[in-house]
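This is what each chain is made of:
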Amino acid sequence: MGTELHFISANFGKYDTSSIGSYMSIGGFEALRKAVTMDGEDIAKIVAAAKIKGRGGAGYDMGRKWTQARAVKGEHKVVICNADEGEPCTFKDRELIKQDPFNLIEALIIAGWVVGATDAYIYMRAEYACLRQLLLNAIRQAKSYGFLGKNILGKGFDFDIHLYSGAGAYVCGEGTALIRSIEGKAGRPRMKPPFIKVSGLFARPTCVNNVESLSIVPHLLLDQEGVYMHAGTPDSIGTKMVSVAGNVRNPGVFEIPFGTTVRDIVYNLAGGVPEDRQIRLIQFGGASGYIADASILDVPYTYDDLEKAGVNVGTGALLVIDERTSVLDFLTITQDFFSDESCGQCTPCREGNRHMRMLIEKLRRGEADTSDIEKMKKITRIMPMSSLCGLGEGAQHAMIAAMRVFPEVFDVGGAANE
Amino acid sequence: MLTEPKEQEALSDELRAKIDLVLESHDNDFTQIVGILLDTQDLFERHYVPQAAAYYIASKLPVPASRIFDCLTFYAELSDKARAKYPIEICSSIACHVNNNEELKETLEKLLGIHVGEVTYDGRFMLLKTTCFGACDRAPAVRINGKVYGNLDSEEKVRDLLESLN
């Protein structure tokens, strides 16, 4: 165990990412050629059979999303590639774009074919501005080879890809905020309904997919031997790109078959904790993810097993924190992040984050009493219930998990802890 | 309060032409406003969009100036206030935090003689805190004008970095 399986990342380092000819020499655009001979619904079914869940963190069934997107009636449907991975400790999409840009372009064209879209928009975070030229070049070359534009591969399929840049707003990873940003506005989320799939970008039916989710599809369509379907476990099929960072010797992006244990990921792939220090906690899936202590190490990395252990796959990030950082220190930084990134539109998120920050500070100073702990618990209940978007819903996940995993930290009855 | 710029320096013809090029590279498409503003602020030595430039862009696109200022103040990467030739953004998120970004911050403050939020007297350097920019595998990291510099775990490396910018 503890070995990678390069399926989604199969093309990494295999071709010159600035040349479509180089990509085609390793079989590039074969998946698209195959896709346009198939009915979109059949492709959606293949994706559904592989049980691909949205890899941006939300984990929505991708095959189902495509089937629903196909069913929506409306002209000028739109596909969006969410390349705004803003969850701290998440940088897998960065590698997918950097090392295999043409595969993403091919995947988007296939997505467009499946849902019957006329345009795709890639929304990439400003932090990855260095990858902009790479993608623009890939789009340009795909156009000159006839994979984009009018009547693609003689199938009467017209499709174009547009690249948009974010500008440093975590909240823009949220669907409605992302859409507003592409529309040329400040990226403040809006109430749903109307749902994006019916009325999204420019009020058109819109299907949003993450970079990694999309990147699987071309490989999956050409997977004759069923490598992907045989990898992983019956419920979590295939592989996952994980990004491991924090206190590890060898931080980076790895592609693992589902079912690899967390220990294998942290110790064998990421090299373990420097100076063999103890692990204080591991956060899964970014700042809005849950946390666990070292007891999670022997849990297999699958959707089900992680959920049973109280955490989520989320974006695929694993943040390892060693004993030098206290739980409260971790919570402070995480809370600072959400206080900074809250757009301030809705009261539960704006005020909840603010007050939670003050309460954490009080607890750190050893001045909190049981009524403060009660207030904290109340905030963790109210924010997910009443916030406008996913940011406010997820902001207290780490706190909720911390209260469960490290109850002693919140035990203000006795002497001040930590 | 925002009013039409009168006294403040008008844009030179040269800058207008450069902004026109930026607009053209985005097909004069107002939905690309974020990208346009990102490119525009790089035209100015201190990496911001001055009011005059914001109004000029508004005059060229079918959007009101208020929309442009809304974007300028909403997105962390955009600024309507002068920064520096080299705004040094120190990542303050968790992966950098557990890799001692506090020491990195103190080293930068010591070497530059300024605190976070301040600009050096010559307008060359500014220290800022920013949230995660996805370089967690190279923590602790800073970003300067879009470029990431990672593994800054010693004073020597920080000094080399600052010298390379001179």
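In this text, all values refer to a predicted model and were calculated from it rather than measured experimentally.

Across its full length, chain B carries seven helices and four strands. Of the regular secondary structure in chain B, the N- to C-terminal order runs α-α-α-α-β-α-α-β-β-β-α. Projected onto the principal axes, the alpha-carbon positions of chain B cover approximately 50 × 30 × 30 Å. Counting all 166 residues of chain B, 54% fall into the buried class. Long-range pairs, those at least 24 residues apart, make up 61% of the contacts in chain B between residues at least 6 apart in sequence. Split by element, the accessible area of chain B, about 7,900 Å² in all, is 47% carbon and sulfur.

Accessible area lost when the parts come together is the quantity often used to give the size of an interface. Across the contact, 45 residues belong to chain A and 31 residues belong to chain B. Summing both partners gives a buried area of about 2,900 Å² for chain A against chain B, and 57% of it is carried by carbon and sulfur. Among the residues of chain A in contact with chain B, Glu127, Ala167 and Ile333 of chain A are the three that bury the most area, contributing 18% of the side total. At the boundary of chain A and chain B, one finds two salt bridges.

Looking now at the sheet that holds strand 5 (residues 239-246) of chain A. Residue and element names in this part refer to chain A. Ordered in space as 6-5-9-7-8, the five strands form an open sheet in which the pairing is mixed. Strands with a single pairing partner mark the edges of an open sheet, and in this sheet they are strand 6 (252-257) and strand 8 (291-292). Packing of helix 11 (residues 262-269) onto the sheet brings it into contact with strand 5, strand 6, strand 7 (279-284) and strand 9 (317-322), and relative to strand 7 it is tilted by some 110°.

What follows deals with the nonpolar core. Among the nonpolar cores identified, the biggest contains 182 residues, and Trp66 and Ile109 of chain A are the most heavily contacted of them. The biggest single contributor to this core is helix 6 (residues 101-115) of chain A, with 11 residues.

This part covers the pattern of salt bridges. On inspection of all chains with the given rule, the structure shows 37 salt bridges over all chains. In this structure, the salt-bridge partner of lysine 92 of chain A is glutamate 212 of chain A, at a minimum N-O distance of 3.0 Å. A residue pair is termed long-range when its members are at least 10 positions apart, and lysine 92 of chain A in helix 5 (residues 92-99) and glutamate 212 of chain A in helix 9 (residues 211-221) qualify at 120 residues. Take lysine 92 of chain A: its relative accessible area is 0%, and that puts it in the buried class. One salt bridge connects glutamate 155 of chain B with arginine 159 of chain B, and the closest N-O pair in it is separated by 3.0 Å. Of this pair, glutamate 155 of chain B and arginine 159 of chain B both sit in helix 7 (residues 155-164), four residues apart, roughly one helical turn. Glutamate 155 of chain B sits in the partly exposed class, given a relative accessible area of 31%. Among the residues examined, arginine 159 of chain B registers a relative accessible area of 39% and is labelled partly exposed. Shared partners join several salt bridges into a network, and the residues in it are Arg55, Lys92, Asp93, Glu212 and Lys240 of chain A.

A separate point is the sheet that holds strand 1 (residues 77-83) of chain A. Residues and elements named next belong to chain A. Strand order in the open sheet formed by four strands is 3-2-1-4, and the pairing between neighbours is parallel. Strand pairing shows two members of the sheet lacking a second neighbour, strand 3 (160-165) and strand 4 (206-210), which therefore form its edges. Across the sheet, the mean angle separating the axes of adjacent strands is 20° when strand polarity is ignored. The pairing of strand 2 (residues 117-124) with strand 3 spans six bridges and is classified as parallel. Residue pairing for strand 3: methionine 124 is matched across the bridge by serine 165. Those strands touched by helix 9 are strand 1 and strand 4, and its axis lies near 90° from that of strand 4.

Residue and element names in this part refer to chain A. As far as domains go, chain A holds domain 1 (20-227), domain 2 (231-322) and domain 3 (327-410). Taken together, the contacts link 11 residues of domain 1 with nine residues of domain 3. Across the domain 1 to domain 3 interface the summed buried area is about 790 Å²; carbon plus sulfur atoms make up 76%. Among the residues of domain 1 in contact with domain 3, Tyr170, Val171 and Pro189 are the three that bury the most area, contributing 56% of the side total. At the junction of domain 1 with domain 3, the criterion picks out zero salt bridges. Counting across the domain 1 and domain 3 interface gives two residue pairs in polar contact (both at pLDDT 80 or more). For the side of domain 1 that touches domain 3, the class distribution of residues is six nonpolar, one polar and four charged.

Such a bond, covalent and formed between the sulfur atoms of two cysteines, is termed a disulfide. The tally for this structure, following the rule as stated, stands at zero disulfides over all chains. Note on cysteine 81 of chain A: no disulfide assigned, nearest cysteine sulfur contributed by cysteine 207 of chain A at a separation of 11 Å. Counting only cysteine sulfurs, cysteine 91 of chain B is the nearest neighbor of cysteine 96 of chain B, a cysteine outside any disulfide, at a range of 3.7 Å.

Residues and elements named next belong to chain A. Burial analysis of strand 5 places eight of its eight residues in the buried class, which makes it a mostly covered element. Side-chain alternation along strand 5 places Thr239, Met241, Ser243 and Ala245 on one buried face and Lys240, Val242, Val244 and Gly246 on a second face that is also buried. By the bridge criterion, six bridges tie strand 5 to strand 6 in an arrangement that is antiparallel. When the sheet's bridge partners are listed, threonine 239 is paired in strand 6 with proline 257. Where strand 5 folds back on strand 6, the antiparallel hairpin that results is connected by five residues. Here strand 5 pairs with strand 9 via four bridges, running parallel.

Here the focus is the packing of aromatic side chains. Residues and elements named next belong to chain A. As enumerated under the stated definition, the model contains 20 aromatic pairs over all chains in all. Counting every residue linked through ring pairs, the aromatic cluster contains Tyr15, Tyr23, Phe29, Phe102 and Phe147. One residue, lysine 53, lies across the ring of tyrosine 303, its end atom 4.4 Å from the ring centre. If you follow arginine 125 out to its NZ or CZ, it ends over the ring of tyrosine 128, 5.4 Å from the centre.

Turning our attention to helix 1 (residues 13-25) of chain B. Residues and elements named next belong to chain B. Here helix 1 spans 18 Å end to end across 13 residues, near enough to the 18 Å set by a 1.5 Å rise per residue. Those residues of helix 1 lying buried are Leu15, Ile19, Val22 and Leu23. Seen from one end, helix 1 has its buried residues packed into an arc of 100°, which puts them on one side. Seen from the buried face of helix 1, the exposed residues on the opposite side, beyond 90 degrees, are Asp13, Glu14, Leu21, Glu24 and Ser25. Of the surrounding elements, those touching the buried residues of helix 1 are helix 2 (33-41) and helix 3 (51-60). Two residues or fewer past helix 1, aspartate 27 is found with a positive phi of approximately 55°.

Each value, and the rule that gives it
Residues numbered from 1 in each chain as written. Chains lettered and ligands numbered in written order. Predicted model: local features only at pLDDT ≥ 70, side-chain atom pairs only at ≥ 80, totals over all residues. Heavy atoms only, no water. Helix = DSSP H or I, 4+ residues; strand = E, 2+ residues; numbered from the N terminus. Buried < 20%, exposed > 50% of the residue type's maximum accessible area, 1.4 Å probe, protein only. Contact = heavy atoms within 4.5 Å. Areas by Shrake-Rupley, 256 points an atom, 1.4 Å probe, with all protein chains shown as cover. Buried area = accessible area lost by both parts, 1.4 Å probe. Salt bridge = Lys/Arg side-chain N within 4 Å of Asp/Glu carboxyl O. Pairing = 2+ DSSP bridges. Axes fitted to C-alpha atoms, helices over the stretch in contact; angles between N-to-C directions. Core = buried A, V, L, I, M, F, W, Y, C linked by side-chain atoms within 4.5 Å. Domains from an automatic or database assignment. Polar contact = N/O pair within 3.5 Å; in protein donor to acceptor, adjacent residues only side chain to side chain. Nonpolar A, V, L, I, M, F, W, Y, C, P; charged D, E, K, R; others polar. Disulfide = S-S within 2.5 Å. Phe/Tyr/Trp six-rings, centres within 6.5 Å; stacked < 30°, edge-to-face > 60°. Lys NZ or Arg CZ within 6 Å of the ring centre and 35° of its normal. Expected span 1.5 Å × (residues − 1). Arc of directions from axis to C-beta.

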